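Observations on chain architecture
Listed below, chain by chain, are the residues.
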Amino acid sequence: MVTRTVDLRSDTVTKPTEAMRAAMATAEVDDDVLGYDPTAFRLETEMAKRMGKEAALFVPSGTMGNLISVLTHCDIRGSEVILGDNCHIFIYENGGISTIGGVHPRTVKNNSDGTMDLDLIEAAIRDPSGEIVYPTTRLICLENTHANSGGKCLSAEYTDQVGELAKKHDLKLHIDGARIFNSSVALGVPVDRLVRAADSVSVCLSKGIGAPVGSVIVGSKSFIAKARRLRKTLGGGMRQVGVIAAAALVALQENVGKLESDHKKARLLADGLNEMKGLRVDPVETNIVYVEIEEGLHISAGKIVKNLEERGILVMDASPSRIRIVLHHQISASDVQYALSCFQHAVKGGQSENGN
Ligand SMILES: Cc1ncc(COP(=O)(O)O)c(C=O)c1O
């Protein structure tokens, strides 16, 4: 019988805290589609300030934040966006930029640290003189932290270089900053500095910082005005949205400061797993841990995940030989120790079942 559950599937699984629920219960609200919800307005103002941008817009999800941002920058048919071949927008967002926006994606190889080589980005920019046959490059997208690379941080210097490249070719730069606060905390760089070169950033509230719902896009006033219209087109205009914005304001105030501890717990877990024979952990920079199961162990990631689940440890298999674990503020140091002891059992149990 499972007596304890430790949910490490994602940082999206957190439950609203008491403070968030209290703020939701008492939130001052009005119709946000008409532009009158005071709590949504407070959240947008706060986020714009933190990110060092002129304006902000609350949206229902990170996926919609990216979609609206890409479509706002690429509002002419035949536009092309340059983005990483292992990035969230390209892999996990249903190809929405193409199916809904008619935007053509041009992928560049993501390195293991989440970057794309500058010379490869530049080589992917279409030559404007070939407009009779080429789509027109209008946008470059980065992802910080880079989730599929294991929560790797893109530095301010790298982002600046991509920004300069974008400017040189008259392109815009968007950052999928679903976990931008994790990056800022891990690098020790203020978040506004980290995104200075970007024309827009989509920031998730419902990941590391633990709000129940939503994302915020930031950018210039004119960008946000266009984005607001597109949000309505996509059905993302919500009425008394202050109820959820109130929880997000609490998340911003209370949980950004907890990210450093999440990163510490991720390293603790990674160190423990690395000591187990047959497991190899990718370098950990923030709250995401990828574990590679060596062939010699003769047990699949799926089997380990199932064994762990029987002990109340929830993680996800990313491939037959890879497991993804994500830390968040509702995981304690004792949960990490418990998870490590369950891993030990799960790996050993699987081996004995296989006769190893
Ligand atoms: C890097 C990144 N970008 C965007 C998203 C999309 O966010 P949402 O699930 O809120 O649509 C995610 C979600 O996991 C993500 O990890």
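Residues numbered from 1 in each chain as written. Predicted model: local features only at pLDDT ≥ 70, side-chain atom pairs only at ≥ 80, totals over all residues.

What to know about helix H3 (residues 62–73)
Its 12 residues give H3 an end-to-end C-alpha distance of 17 Å, which sits within 8% of 16 Å, the value for a rise of 1.5 Å per residue. Burial runs high along H3: 12 of the 12 residues are buried. For H3, the set of buried residues is Gly62, Thr63, Met64, Gly65, Asn66, Leu67, Ile68, Ser69, Val70, Leu71, Thr72 and His73. (Helix = DSSP H or I, 4+ residues; strand = E, 2+ residues; numbered from the N terminus. Expected span 1.5 Å × (residues − 1). Buried ≥ 20, exposed ≤ 12 C-beta atoms within 10 Å, placed from the backbone.)

Focus on the pairing of strand E12 (residues 316–319)
Side-chain positions along a regular strand alternate between the two faces of the sheet. Pairing of E12 with strand E13 (residues 322–326), which is carried by 3 bridges, proceeds in the antiparallel orientation. Note on E13: the bridge partner recorded for Asp317 is Ile323. Where E12 folds back on E13, the antiparallel hairpin that results is connected by 2 residues. (Pairing = 2+ DSSP bridges.)

A few points about the domain arrangement of the protein
Here the protein is described as being made up of domain 1 (6–12 + 258–353) and domain 2 (18–255). On a C-alpha basis, the centres of domain 1 and domain 2 stand 29 Å from each other. Residue-level contacts link 16 residues of domain 1 with 17 residues of domain 2. Secondary structure elements with two or more residues in the side of domain 1 that touches domain 2: helix H12 (259–274) and strand E10 (288–293). Take the side of domain 1 that touches domain 2: its biggest share by element is 4 residues, from H12. Per-class residue counts for the side of domain 1 that touches domain 2 are 4 nonpolar, 6 polar and 6 charged. (Domains from an automatic or database assignment. Contact = placed C-beta atoms within 7 Å. Nonpolar A, V, L, I, M, F, W, Y, C, P; charged D, E, K, R; others polar.)

Digging into the nonpolar core
Of all hydrophobic cores here, the largest spans 77 residues; its most connected members are Ile140, Val216, Ala247 and Ala248. Once residues within four sequence positions are removed from consideration, Ala248 is found in contact with Leu43, Leu205, Ala211 and Gly214. Listed in part, the 31 residues of the second largest apolar core include Tyr290, Ile293, Ile299 and Val347. (Core = buried A, V, L, I, M, F, W, Y, C linked by C-beta atoms within 7 Å.)

Let's talk about the UniProt feature "modified residue: N6-(pyridoxal phosphate)lysine" (unreviewed entry) in the protein
Here the UniProt feature "modified residue: N6-(pyridoxal phosphate)lysine" (unreviewed entry) sits at Lys207. Of note, Lys207 is situated in the loop between strand E7 (200–204) and strand E8 (215–219). The residues contacting Lys207, other than those within four sequence positions of it, are Asp11, Thr12, Ala178 and Arg179. (UniProt positions renumbered as here; feature names shortened; annotations may be inferred.)

Let's talk about the sheet that holds strand E4 (residues 104–108)
The strand order across the open sheet formed by 7 strands is E2-E8-E7-E6-E5-E3-E4, and the pairing between neighbours is mixed. Looking at strand neighbours, the two that pair on one side only are strand E2 (55–59) and E4, the edges of this open sheet. Going across the sheet, the axis of each strand differs from the next one's by a mean of 20°, ignoring polarity. Where strand E3 (residues 79–84) and strand E5 (residues 136–143) come together, 4 bridges link them in parallel fashion. Bridging across to E5, Ser79 finds its partner in Thr136. Running at roughly 170° to E7, H3 makes contact with E2, E3, E5, strand E6 (172–177), E7 and E8 of the sheet. (Axes fitted to C-alpha atoms, helices over the stretch in contact; angles between N-to-C directions.)

Some words on the UniProt feature "domain: Aromatic amino acid beta-eliminating lyase/threonine aldolase" (unreviewed entry) in the protein
As recorded in UniProt, the sites labelled "domain: Aromatic amino acid beta-eliminating lyase/threonine aldolase" (unreviewed entry) are residues 7–294. For residues 7–294, the end-to-end C-alpha separation is 24 Å, with 41% helix and 17% strand making up the annotated structure.

Points about the site of the ligand
In the vicinity of the ligand, the contacting residues are Ser61, Gly62, Thr63, Asn66, His88, Glu143, Ala147, Asp176, Ala178, Cys204, Ser206 and Ser215. Element by element, the count of residues in the shell around the ligand is highest for H3, at 3 residues. Here the shell around the ligand is composed, by residue class, of 3 nonpolar, 7 polar and 2 charged. (Near = placed C-beta within 6 Å.)

Considering the sheet that holds E13
Read from one edge to the other, the open sheet built from 4 strands follows the order E9-E10-E13-E12, with strand pairing classed as antiparallel. Looking at the sheet topology across the chains shown, the edges are occupied by strand E9 (279–281) and E12. If you compare each strand with its neighbour and ignore which way they point, the axes differ by 35° on average. Alignment of E10 against E13, held across 5 bridges, turns out to be antiparallel. Residue pairing across strands places Val289 opposite Ile325, the latter belonging to E13. Seen against the sheet, H12 touches E9, E10 and E13 and runs at an angle of roughly 150° to E9. Lying over the sheet, helix H13 (residues 301–310) contacts E10, E12 and E13, oriented at roughly 175° with respect to E12.

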